[in-house]
Amino acid sequence: MSDYAKAIEALRPQLLKYARLQLRNAAWAEDAVSETVLAALEKPQAFGGQSQLKTWLVGILKHKLIDQIRRNCREMSTTAEDGVDLDDELFHPDGHWREAPQDWGDPEQALRQLEFMKVLEACVELLPGQQGRLFMMREWLELDSDEICKALAITPTNLWVMLHRARLRLRDCLQLNWFAGPSAPAR
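Just so we're clear, the structure is a prediction, and the values are computed from it rather than from any experiment.

Side note on the pattern of salt bridges
Okay, step 1: Following the criterion strictly, the structure yields three salt bridges and no others.
Okay, step 2: Glu121 is the salt-bridge partner of Lys17, the closest N and O atoms lying 3.6 Å from each other. Taken as a pair, Lys17 in helix H1 (residues 3-23) and Glu121 in helix H6 (residues 114-126) lie far apart in primary sequence, 104 residues in all.
Okay, step 3: For Arg167, the salt bridge goes to Glu139, with nearest N and O atoms at 2.3 Å. Taken together, the residues Arg167 in helix H9 (residues 156-179) and Glu139 in helix H7 (residues 129-140) connect sequence positions 28 residues apart.
Okay, step 4: A relative accessible area of 36% places Arg167 in the partly exposed class.
Okay, step 5: Relative accessible area serves as the criterion here: at 33%, Glu139 is assigned to the partly exposed category.

Shown next as structure tokens:
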């Protein structure tokens with residue numbers, strides 16, 4: 001096995017974790033990662049060394065994940081929302097916060113911290129199935145709204161509402177588990 005193939009194989013667990021987080025289906029994630037590894041091994045000359053191998057593989061994987069979503073969008077769970085209207089819980093009827101968000105300090109600095117990313121991933125995993133999937137498609141896979149709506153057969157308004165709810169849930173989860181929790185950055 002060449003050093004190149006060994007390096008790719010060493011990154012496989014990280015690629016698989018990323019794919020599982022995106023797809024929430026172990027079999028589909030394994031397929032996407034296998035297709036990524038195969039593509040990289042079939043055309044090693046495509047890796048020009050202008051980025052890190054992991055960055056290049058994640059770029060390939062993103063395309064494979066999008067392909068998986070397109071192939072399997074009819075099978076993806078459409079879990080019902082939990083019925084809780086977060087807008088009513090978080091905002092007064094006049095649109096003001098019921099409880100003002102705490103100062104998060106410098107979010108850019110927090111984003112650079114590995115611990116923050118672990119908490120963020122855990123919060124994303126807690127999102128209800130459809131909200132989590134839409135958030136991942138929009139924010140991590142960087143699909144545009146039209147493509148998401150078409151793939152999942154939903155309206156742009158429905159997409160916007162579900163993304164809004166997902167972001168509110170993420171905000172609440174991060175507030176609880178990062179900004180106010182034991183991992184809170186020192187100020």
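Let's talk about unusual backbone geometry
One can expect most non-glycine residues to show negative phi and most peptide bonds to be in trans.
Okay, step 1: In the Ramachandran plot, Glu142 falls in the positive-phi region, its phi being about 60 degrees despite a non-glycine side chain.
Okay, step 2: The topology assignment puts Glu142 in the loop between H7 and helix H8 (145-152).
Okay, step 3: Taking relative accessible area as the criterion, Glu142 reaches 60% and is therefore assigned exposed.
Okay, step 4: With a phi close to 55 degrees, Ala153 is a non-glycine residue in the positive phi region.
Okay, step 5: Structurally, Ala153 can be placed in the loop between H8 and H9.

Things to note about the environment of Gly59
Okay, step 1: Relative to the helices and strands, Gly59 is located in helix H3 (residues 53-72).
Okay, step 2: Through-space distance from the C-alpha of Gly59 to that of Thr36 is 9.3 Å; in sequence the pair is 23 residues apart.

Points about the packing of aromatic side chains
Okay, step 1: This model, assessed by the stated rule, comprises one aromatic pair.
Okay, step 2: Between Phe47 and Trp56, the ring centres sit 5.2 Å apart and the planes meet at 45 degrees, which makes this aromatic pair tilted.
Okay, step 3: With a relative accessible area of 22%, Phe47 lands in the partly exposed category.

Notes on H1
Structural remark: α-helix, 3.6 residues per turn; residues separated by three or four positions point the same way.
Okay, step 1: Here H1 spans 30 Å end to end across 21 residues, near enough to the 30 Å set by a 1.5 Å rise per residue.
Okay, step 2: Approximately 40 degrees is the largest bend angle found in H1, and it occurs at Arg12, with the proline Pro13 only one to four residues beyond.
Okay, step 3: Among the residues making up H1, those that are buried are Ala5, Ile8, Leu11, Arg12, Leu15, Leu16, Tyr18, Ala19, Leu21, Gln22 and Leu23.
Okay, step 4: Along its buried surface, H1 packs onto helix H2 (26-42), H3, H6 and H7.
Okay, step 5: Just beyond H1, the residue with positive phi is Arg24, at close to 55 degrees.

Examining the environment of Gln14
Okay, step 1: Secondary-structure assignment places Gln14 in helix H1.
Okay, step 2: What makes Gln14 partly exposed here is its relative accessible area of 39%.
Okay, step 3: Residues Gln14 and Lys54 lie 40 residues apart in sequence; the distance between their C-alpha atoms is 8.9 Å.

The rules behind the values
Residues numbered from 1 in each chain as written. Predicted model: local features only at pLDDT ≥ 70, side-chain atom pairs only at ≥ 80, totals over all residues. Heavy atoms only, no water. Salt bridge = Lys/Arg side-chain N within 4 Å of Asp/Glu carboxyl O. Helix = DSSP H or I, 4+ residues; strand = E, 2+ residues; numbered from the N terminus. Buried < 20%, exposed > 50% of the residue type's maximum accessible area, 1.4 Å probe, protein only. Phe/Tyr/Trp six-rings, centres within 6.5 Å; stacked < 30°, edge-to-face > 60°. Expected span 1.5 Å × (residues − 1). Bend = angle between axes of the 7 residues up to and from the residue. Contact = heavy atoms within 4.5 Å.

These results come straight from atomic positions and should not be treated as a statement about function.
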